Amino acid sequence: MKTYGTEPGAPTPVQVGISELAISDGDETLKSYGLGSCLAIALYDPDSGIGGLAHAMLPDGDTAENSERKPGKYADTAIRALLRRMVEKGASYTSVEAKIAGGSDMFEFESFGDGVGQRNVVAAREELDKLGVPLVAEDVGGDRGRTVEFTPGSGTLMVKTTEADGTSGVSEL
């Protein structure tokens, strides 16, 4: 497991904040902190090593006025923007695979039906399916926070979780 920032001279991961997305064509690590109901969407082309990470906050950007200006804010528009930018860098659309993490329901609001986290997961799955991008791994739902580190060159998505009781864990997708 690569962990950046702990070894002397190790590269600093590229931070992908809320509503942002980033593309990498090498072994750069892309990192998103503090995923609750937000969803980390990692797309990568295993043949070229080109990939990207989005930190989507809401499910549906098609009806939002600002989705073209801020495509990373919404699960559906983030996936399309990542794919477009990856292909522009040389990724093969037909080779791209996806991994997602997050989409927790951190708070209960019974009057709203499904929480934002669950709606983010559903929107991402539907958009990936519509575009023919296979979802090869996921760590979604529950009521825990997550931080992710994605290395597009290897397709590795490390997911660090923090439970309500303060315990934590790490898994590799």
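Provided above is the structure to which this section pertains.
Residues numbered from 1 in each chain as written. Predicted model: local features only at pLDDT ≥ 70, side-chain atom pairs only at ≥ 80, totals over all residues. Heavy atoms only, no water.

**Concerning the environment of Tyr-93**
- Along the polypeptide, Tyr-93 turns up in the loop between helix 1 (75–89) and strand 6 (97–102).
- Given a relative accessible area of 37%, Tyr-93 falls into the partly exposed group.
- With 48 residues separating them in the primary sequence, Tyr-93 and Asp-45 have C-alpha atoms 7.8 Å apart.
- Apart from residues lying up to four places away in sequence, Tyr-93 is in contact with Leu-83, Val-87 and Leu-131. (Helix = DSSP H or I, 4+ residues; strand = E, 2+ residues; numbered from the N terminus. Buried < 20%, exposed > 50% of the residue type's maximum accessible area, 1.4 Å probe, protein only. Contact = heavy atoms within 4.5 Å.)

**Let's talk about unusual backbone geometry**
- With phi around 70 degrees, Ser-19 is a residue other than glycine that occupies positive phi space.
- Its place among the elements puts Ser-19 in the loop between strand 1 (14–15) and strand 2 (21–24).

**Quick notes on the pairing of strand 9 (residues 156–162)**
- For strand 9, the buried fraction is high: five of the seven residues fall into the buried class.
- Taken together, the seven bridges between strand 8 (residues 145–151) and strand 9 define a ladder with antiparallel strand orientation. Across the sheet, residue Gly-145 finds its bridge partner in strand 9, namely Thr-162.
- Counted along the chain from strand 8 to the antiparallel partner strand 9, the turn is four residues long, and its residue Gly-155 has a positive phi close to 75 degrees.
- Looking at chain direction, strand 9 and strand 10 (residues 168–172) are connected through five bridges and run antiparallel. Among the inter-strand pairings, Met-158 is bridged to a residue of strand 10, identified as Glu-172.
- The antiparallel hairpin formed by strand 9 and strand 10 contains five residues in its connecting segment, where Gly-166 sits at a positive phi of about 95 degrees. (Pairing = 2+ DSSP bridges.)

**Notes on the sheet that holds strand 4 (residues 39–44)**
- Spatial ordering of the open sheet is given by 2-5-4-6-7, a layout of five strands whose pairing is mixed. Since the sheet does not close on itself, it has two edges, and those belong to strand 2 and strand 7 (135–140), each with one partner. With direction set aside, neighbouring strand axes in the sheet form an average angle of 10 degrees.
- Bridge count for strand 4 against strand 6 is six bridges, and the pairing is antiparallel. Counted as the bridge partner of Leu-43 is Ala-98 from strand 6. (Axes fitted to C-alpha atoms, helices over the stretch in contact; angles between N-to-C directions.)

Fair warning: the whole summary comes from geometry, so function is off the table for now.
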